[in-house]
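This is what each chain is made of:
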Amino acid sequence: MTLLDRRTALALLAGVAAFAATGAAKALDVVPYSEDALAEAAASGKPYLIDFYATWCSTCAAQQRVLESLAAESAAYAAIPIIQVDWDQHSRGELVARMGIPRRSTLVLMSGTTELGRLVAETRSDRIAGLLDLAAV
């Protein structure tokens, strides 16, 4: 039997840790906004999140990182579908007007056509988790 040198052992451990991390992480169920996608989510009978975002928005990017982290920690969070509404395309659209969305970086948790809660420009993990927890109520 051969002993591993330190460098090989560390590389092996790093590989195992990376494999475990990718196996444990749950991907977010993200769908780009369309009227059909929204109607399908509303008809599903399950809670879903509408994420009003812009690709250039740093607050939106921070929210995305929090959502990814929460999904990796909890299958319940990972199971909540997310409909992403591109602010650059839809900020002056009917959905934004009808829902009274004040700005990008707005997260709205819905069940059917009923709003369960919303956060505007919030990036704290505990607050976003609190919004997602409303899906279980």
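Below is a short write-up of the structure.

Next up on the list: the packing of helix α3 (residues 58–73) against helix α7 (residues 125–133). Packing of α3 against α7 leaves a shortest axis separation of 10 Å and a crossing angle of 65°. α3 and α7 meet at a crossing whose hand is right-handed. Between α3 and α7, the contacting residues are Gln 63, Val 66, Leu 67 and Leu 70 on the first element and Ser 125, Ile 128, Ala 129 and Leu 132 on the second. For the contact of α3 with α7, the class distribution of residues is six nonpolar, two polar and no charged.

Applying the stated rule across the entire model yields four salt bridges. A salt bridge links Glu 115 to Arg 118, with the shortest nitrogen-to-oxygen separation between them at 2.9 Å. Arg 118 sits in the partly exposed class, given a relative accessible area of 27%. Residue Arg 127 is joined to Glu 122 by a salt bridge in which the shortest nitrogen-to-oxygen separation is 3.6 Å. Assessed through its relative accessible area of 39%, Arg 127 is described here as partly exposed. Overall, the relative accessible area of 11% leaves Glu 122 in the buried class. Each of the salt bridges in this network shares a partner with another, and the network as a whole consists of Glu 122, Arg 124 and Arg 127.

Let us look at the nonpolar core. Counting 19 residues, the largest nonpolar core has Ile 50, Phe 52 and Met 99 as the members making the most contacts within it. Those elements that place two or more of their residues in this core are α2 (35–43), β2 (47–53), β3 (82–86), α6 (94–99) and β4 (106–111). The dominant element in this core, judged by the number of residues it contributes, is β2, at four residues. Contact partners of Met 99, with chain neighbours within four places excluded, come to Ile 50, Phe 52, Val 108, Met 110, Glu 115 and Arg 118. Residues Tyr 77, Ile 80, Leu 109 and Ala 135 belong to the second largest nonpolar core, which totals 18 residues.

On to α2. What α2 keeps buried is the set Ala 37, Leu 38 and Ala 41. Seen along its axis, α2 keeps its buried residues to an arc of 100°; they face one direction. Exposed residues on α2 whose side chains face more than 90 degrees from its buried face are Asp 36, Glu 40 and Ala 43. On the buried face of α2, the contacting elements are β1 (30–32), β2, β3 and α6.

Reading guide: rules and limits
- Residues numbered from 1 in each chain as written.
- Predicted model: local features only at pLDDT ≥ 70, side-chain atom pairs only at ≥ 80, totals over all residues.
- Heavy atoms only, no water.
- Axes fitted to C-alpha atoms, helices over the stretch in contact; angles between N-to-C directions.
- Helix = DSSP H or I, 4+ residues; strand = E, 2+ residues; numbered from the N terminus.
- Left-handed = near helix turned anticlockwise from the far one by under 90°.
- Contact = heavy atoms within 4.5 Å.
- Nonpolar A, V, L, I, M, F, W, Y, C, P; charged D, E, K, R; others polar.
- Salt bridge = Lys/Arg side-chain N within 4 Å of Asp/Glu carboxyl O.
- Buried < 20%, exposed > 50% of the residue type's maximum accessible area, 1.4 Å probe, protein only.
- Core = buried A, V, L, I, M, F, W, Y, C linked by side-chain atoms within 4.5 Å.
- Arc of directions from axis to C-beta.

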